[in-house]
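# Overview (structure and organization)
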Amino acid sequence: MGERIRDGFLVPRKELGWYGQLLARTGAAGQLAFAGAGTEIAQYLTDKQGHKHYKQRTFAGSSSVRDARHKIGPTVYVGTDQVFRLNRIRVEAFSGVSEELYELLIKGKVEEYRNRKYDLRDTYPTSTTAPLWGPVFFGNDGTVMALRVLPMNET
């Protein structure tokens with residue numbers, strides 16, 4: 001066997017500020033995408049990263065749309081949901097970001113968002129279920145992913 005190669009990148013000291021901003025902006029875009037944001041994502045991306053794609057309005061059926069709002073535990077989350085069937089049982093999957101953090105992101109306040117996210121990191125639940133939901137994952141970054149069984153349609 002040959003020598004194991006490890007990829008690495010050197011960021012020159014003079015470029016550290018720029019690199020930090022790049023990471024913060026890309027992270028902000030990722031959080032908004034997780035919550036189903038649309039055009040708000042474009043402000044954080046370069047053309048190569050998809051700025052032009054996200055700047056356009058899309059139809060709800062072709063991408064996620066931030067159109068859901070749920071209070072799970074003590075926090076209100078905004079995000080997107082998908083409804084699907086598992087063995088004829090209707091299930092809702094919701095992914096979102098705390099409303100407070102989401103509002104900072106869509107306003108382009110990345111540094112304020114990062115500081116507030118840090119302040120709130122220990123306040124989110126650590127449980128794996130929530131009332132009215134089934135399995136739930138609470139991220140210490142203000143994100144949530146939750147599943148629940150929906151009532152059967154009565155016909």
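Check the entry above for the structure.
Keep in mind that what you see is a predicted model, and the values were worked out from it rather than measured.

### So, the overall build of the chain
Of the regular secondary structure elements, the chain holds four helices and five strands. Taken from N to C terminus, the helices and strands of the chain fall in the order α-α-β-β-β-α-α-β-β. When the 155 residues of the chain are sorted by exposure, 31% land in the buried category. Pairs at least 24 residues apart make up 46% of the contacts formed inside the chain by residues separated by at least 6 positions.

### A few points about the nonpolar core
In this structure, Ile72 and Val136 are the most contacted members of the largest nonpolar core, which totals 29 residues. Looking at this core, the elements with two or more residues in it are helix H1 (16–34), strand S1 (68–72), strand S2 (75–86), strand S3 (89–98), helix H3 (99–106), helix H4 (110–120), strand S4 (136–138) and strand S5 (143–149). When near neighbours in sequence (up to four residues on either side) are disregarded, Val136 contacts Ile72, Ser127, Thr128, Thr129, Ala130, Val144, Met145 and Ala146.

### Let's talk about the packing of aromatic side chains
Summed over all chains, the structure comprises three aromatic pairs. Plain terms: the ring middles of Trp18 and Tyr19 are 6.3 Å apart, the flat faces sit at 40° to each other, and that makes the pair tilted. Across from the ring centre of Tyr118, 3.7 Å away, lies the NZ or CZ of Arg121, which sits over that ring. The side chain of Arg148 reaches across the aromatic face of Trp133, ending 4.0 Å from its centre.

### Observations regarding the pairing of S2
On any regular strand, side chains alternate: one points to one face of the sheet, the next to the other face. Both S1 and S2 contribute to a ladder of five bridges, which runs antiparallel. The partner of His70 across the bridge, within S2, is Tyr77. The turn linking S1 back onto S2 is made up of two residues, and Gly73 within it adopts a positive phi angle of 65°. With 10 bridges connecting them, S2 and S3 associate as antiparallel partners. Residue pairing in the sheet places Phe84 in a bridge with Val91 of S3. The turn joining S2 and S3, which pair antiparallel and follow one another in sequence, is formed by two residues; a positive phi near 50° is taken by Asn87.

### Focus on unusual backbone geometry
The phi dihedral of Asn87 falls on the positive side, at around 50°, and the residue is not glycine. Mapped onto the elements of the fold, Asn87 is located in the loop between S2 and S3. Residue classification places Asn87 among the exposed residues on the basis of a relative accessible area of 77%. The phi dihedral of Arg88 falls on the positive side, at around 70°, and the residue is not glycine. For Arg88, the location among the structural elements is in the loop between S2 and S3.

Here is what the cut-offs are and how they apply
- Residues numbered from 1 in each chain as written.
- Predicted model: local features only at pLDDT ≥ 70, side-chain atom pairs only at ≥ 80, totals over all residues.
- Heavy atoms only, no water.
- Helix = DSSP H or I, 4+ residues; strand = E, 2+ residues; numbered from the N terminus.
- Buried < 20%, exposed > 50% of the residue type's maximum accessible area, 1.4 Å probe, protein only.
- Contact = heavy atoms within 4.5 Å.
- Core = buried A, V, L, I, M, F, W, Y, C linked by side-chain atoms within 4.5 Å.
- Phe/Tyr/Trp six-rings, centres within 6.5 Å; stacked < 30°, edge-to-face > 60°.
- Lys NZ or Arg CZ within 6 Å of the ring centre and 35° of its normal.
- Pairing = 2+ DSSP bridges.

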